[in-house]
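A look at the structure
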Amino acid sequence: MHAQPTCVLACDNELGECPIWCPTTGRLWWIDVARPALWRFDPTTGASENWPLPKPPAAIALRRSGGLLILFRRGYALIDEPQSGAAIEQTHGLDLGDERFNDGKVAPDGKMWVGSMDRALKSPIGRLYQFTPDNGPAFGLRPMDEGFVLSNGLGWSPDGRALYFAESRSKHVYRYDRDPVDGAIGTRHLFTTLDGDGVPDGLTVDAAGHVWIAAFGGGAVHRFRPDGSLDLRITLPVEHPTSCTFGGDDLRVLYITSARRGIEGNARPTPQAGGLWAVRLDVAGLPETSLSY
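A brief report on the enclosed structure follows. Predicted model, so just to flag it, every value in this text is computed and none were measured.

Two strands pair when backbone bridges link them, and strand β16 (residues 172-178) and strand β17 (residues 185-193) are joined in this way by 6 bridges, in the antiparallel orientation. Bridging across to β17, valine 173 finds its partner in threonine 192. Between the end of β16 and the start of β17, which pair antiparallel, lie 6 residues, with glycine 183 showing a positive phi angle near 80°.

Here we take up empty space enclosed by the protein. For the structure on display, the rule yields 1 cavity of 30 Å³ or more. Estimates place the volume of the largest cavity at around 80 Å³. Lining the largest cavity we find 13 residues, and of these Cys18, Asp103, Gly104, Lys105 and Ser243 sit closest to its centre.

Bringing the sheet that holds strand β1 (residues 6-9) into the picture now. In spatial order, the strands read β1-β24-β23-β22; together these 4 strands make up an open sheet with antiparallel pairing. In this open sheet, the two strands that pair with only one neighbour each are β1 and β22 (241-247). Adjacent strand axes in the sheet meet at a mean angle of 35° when their direction is disregarded. Relative to strand β23 (residues 253-258), β22 runs antiparallel, the two sharing 6 bridges. Opposite phenylalanine 246, over in β23, you have leucine 254 as the bridge partner.

Glancing now at the pattern of salt bridges. Scanning the model with the defined rule gives 14 salt bridges in all. Its salt-bridge partner being aspartate 80, residue arginine 63 comes within 3.5 Å of it at the nearest N-O pair. With arginine 63 in the loop between β6 (57-62) and β7 (68-72) and aspartate 80 in the loop between β8 (75-79) and α1 (85-89), the pair connects residues that are 17 residues apart, well separated along the chain. With a relative accessible area of 13%, arginine 63 lands in the buried category. For arginine 127, the salt bridge identified is with glutamate 146, shortest N-O distance 3.9 Å. Of the two residues, arginine 127 is situated in strand β12 (residues 126-132) and glutamate 146 in strand β13 (residues 140-148); the sequence distance between them amounts to 19 residues. With a relative accessible area of 28%, arginine 127 lands in the partly exposed category.

Reading the values: the criteria
Residues numbered from 1 in each chain as written. Predicted model: local features only at pLDDT ≥ 70, side-chain atom pairs only at ≥ 80, totals over all residues. Heavy atoms only, no water. Pairing = 2+ DSSP bridges. Helix = DSSP H or I, 4+ residues; strand = E, 2+ residues; numbered from the N terminus. 1 Å grid on protein atoms, 1.4 Å probe; cavity = no way out; pocket = protein on both sides within 12 Å on 5 of 7 lines; lining within 4 Å. Points joined across faces, edges and corners; volume = space filled by probe spheres on them. Axes fitted to C-alpha atoms, helices over the stretch in contact; angles between N-to-C directions. Salt bridge = Lys/Arg side-chain N within 4 Å of Asp/Glu carboxyl O. Buried < 20%, exposed > 50% of the residue type's maximum accessible area, 1.4 Å probe, protein only.

Read these as spatial facts, not as claims about activity.
Pasting the structure below:
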């Protein structure tokens, strides 16, 4: 597979993250964490929209109602339409101590998972949580695993029997056995470790069970086989790809967000850094799961 990504939107994100494809509208959503904003892109017209956020976001998720869940570093908001700025301002705070949320995704059963990190990027106090807002059913912030400095991307195998989870500081990506009926996970196992430059950031899983991982600082997206061996490396002309997801009518377009700044906050003015990238592939992704509330 000889695939070359192209920059489809020069959005100049300081720290673009968490791309999700909405199959209902045929548009891509994502966030800029460092210059807080919610973004939307229409690949048919090439048009984009963005809305400022009151504080740095950590992750977003589609809701079955058509709205979005926005997770902030220490809180959340449920919105129906991003055009309503007042709705985005109505955020709910959460007491996380020295932790903060960093990345999250919806599991196949419709439950939200989110990882946390040490705000100082030093101690392994981060956790992996199941999250439910207080105006949804069975409110809770349920710890599922712990011991992470910098939690990052999440993804599930096509049959729902495996959960993949990236920890950037160690450069490890873990795999958990998962019960596809009740969603419970087993013991953490090492799936792979990124060699060379870059750390594992956001990830997604395709319909064949391959795991696609953005190598932040490594200028590439890596595809790993289900056994953890490296299968493919797609290089980009920017240093900091941050996350990826499949979109398009046939889910065969891999969208890649990127950043202008590194983990420590240092910005590097590489041309097209912070842009939204896309590459058409010969494999399809998995459809995005929406939250039930």
